[in-house]
Amino acid sequence: MAKPICKVADIIYVRFELTEFEAQKKYLNHFGMMLAHEDENSIFFRGTGTSPYIYVATKGEENKYIGSAYKANDYSDLEALAKEFNVEIVEITEPGGGHKVTVIDPDGIEVEVCHGMREAEAVAIVSKVINTGESTPRENQTQRFGKGAEEWQLHDDKWVYELTSKVKRLGHTAINCRDAQASVDWYANVLGFISSNNLVAPDGNTMGAFMRCDQGDKPVDHHTINNISLPSPEYPGAYGHAGYEVSDSVDDLMAGHYHLKTVDEYYHEWGIGRHLLGSQMYDYWRDPHGFTHEHWTDGDLMDASVPTDDIGLLEFGKAQYGPPPPATFGHSMPVDQVDKVRAEVPDLFEGVLKDVERMTKAAMEK
Ligand SMILES: [Fe+2]
């Protein structure tokens, strides 16, 4: 493969346009992010990590995903991108400052590549000590994730678990592609991504990939972008989900699950389970504007030496454990359509997987 234009280091934030902010701010607080900055036209939310923000929305006429931002290691990466795409390097006027270029991927997603953003001060997290059957490092000490029973508060005759997840950072996005191969090639050639897994259809065509940053011998997340093109009557729109790492392991994820579940205001999208590709424990929740966000923890890290592993649809669609995803998973839609879609196509994804599994077995028997 030709040398990529640059090799981004990580993802920083996702950017949306929203018609209103109050419901979204409430959701993001319930989801476990913190408001970093707001003005009349924008909201910026951060995690406990060092990114000044990991989610930004600007006020507009529509509810839509605009794009994602990535971190460049060097200013010269911005220069290379600006030259290749004939775009300007601009000074970032949003929190953190720095410089960026904005280019457009094959599915119309705005890709911001940033350099020189000032880091925020991380919020200190004390990791819990876990006892297992084989190892018991915690002795004479209780295990408390919040305040104990006080975490349960009665609201109008409804018990609400008050402890949220503590989101640390944005880890990846999943995008729906019109042409999976074109998207995979673009992210490889422009941003230097390498495929941890290529998703290969039974006919041998590429249906997508799980791609990670190429940072040489430095281990990085198994995937920073997941490009997917599944059979669908019509293009479902680019945004699948954004996946955020929680600060402190499985209990942090479970706290968020029970908080969002007992608040009882949002659609649960998929989980809790353990992914196969990337190995994360996961839990997905849809926001009030119809976009899905994932809590994850305990993901795989790989350096650039790990070769690409080709996988089939079953490995993509089936978790190591966990429930099947609903038909709405991976599709952005107004929340008032969710029940209707789930009622009409309760097993879209499962149906596809079953068809593929049957086709694969039939082909092998020939
Ligand atoms: Fe994810």
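Residues numbered from 1 in each chain as written. Predicted model: local features only at pLDDT ≥ 70, side-chain atom pairs only at ≥ 80, totals over all residues.

## Points about the overall build of the chain
Counting its secondary structure elements, the chain contains seven helices and 21 strands. The globule rule puts the C-alpha radius of gyration for 366 residues at 21 Å, and the 21 Å found for the chain is close to it. With the C-alpha coordinates aligned to their principal axes, the bounding extent of the chain is approximately 60 × 60 × 50 Å. Restricting to contacts in the chain with at least 6 residues of sequence separation, those with at least 24 account for 67%. (Helix = DSSP H or I, 4+ residues; strand = E, 2+ residues; numbered from the N terminus. Rg over C-alpha atoms; globule rule 2.2 N^0.38 Å. Contact = placed C-beta atoms within 7 Å.)

## Focus: unusual backbone geometry
The linkage connecting G271 with the following residue, I272, adopts the cis geometry, with an omega of -5°. Position of I272 among the secondary structure elements: in strand β17 (residues 268–274). Residue N140 is not a glycine yet carries a positive backbone phi of 55°. If you trace the backbone, N140 turns up in the loop between β8 (110–115) and β9 (152–155). Taking the number of C-beta atoms within 10 Å as the measure of exposure, N140 has 4 and is therefore exposed. Of note in this structure, D298 is not a glycine but carries a positive phi near 60°. (Buried ≥ 20, exposed ≤ 12 C-beta atoms within 10 Å, placed from the backbone.)

## Here's the deal with the nonpolar core
In globular proteins that are soluble, nonpolar side chains generally tend to be buried together. Counting residues in each nonpolar core, the largest one holds 76 residues, and the members touching the most others are Y13, Y55 and V113. The contact partners of Y55, leaving out residues within four places of it in the chain, are Y13, V14, L28, M33 and F45. (Core = buried A, V, L, I, M, F, W, Y, C linked by C-beta atoms within 7 Å.)

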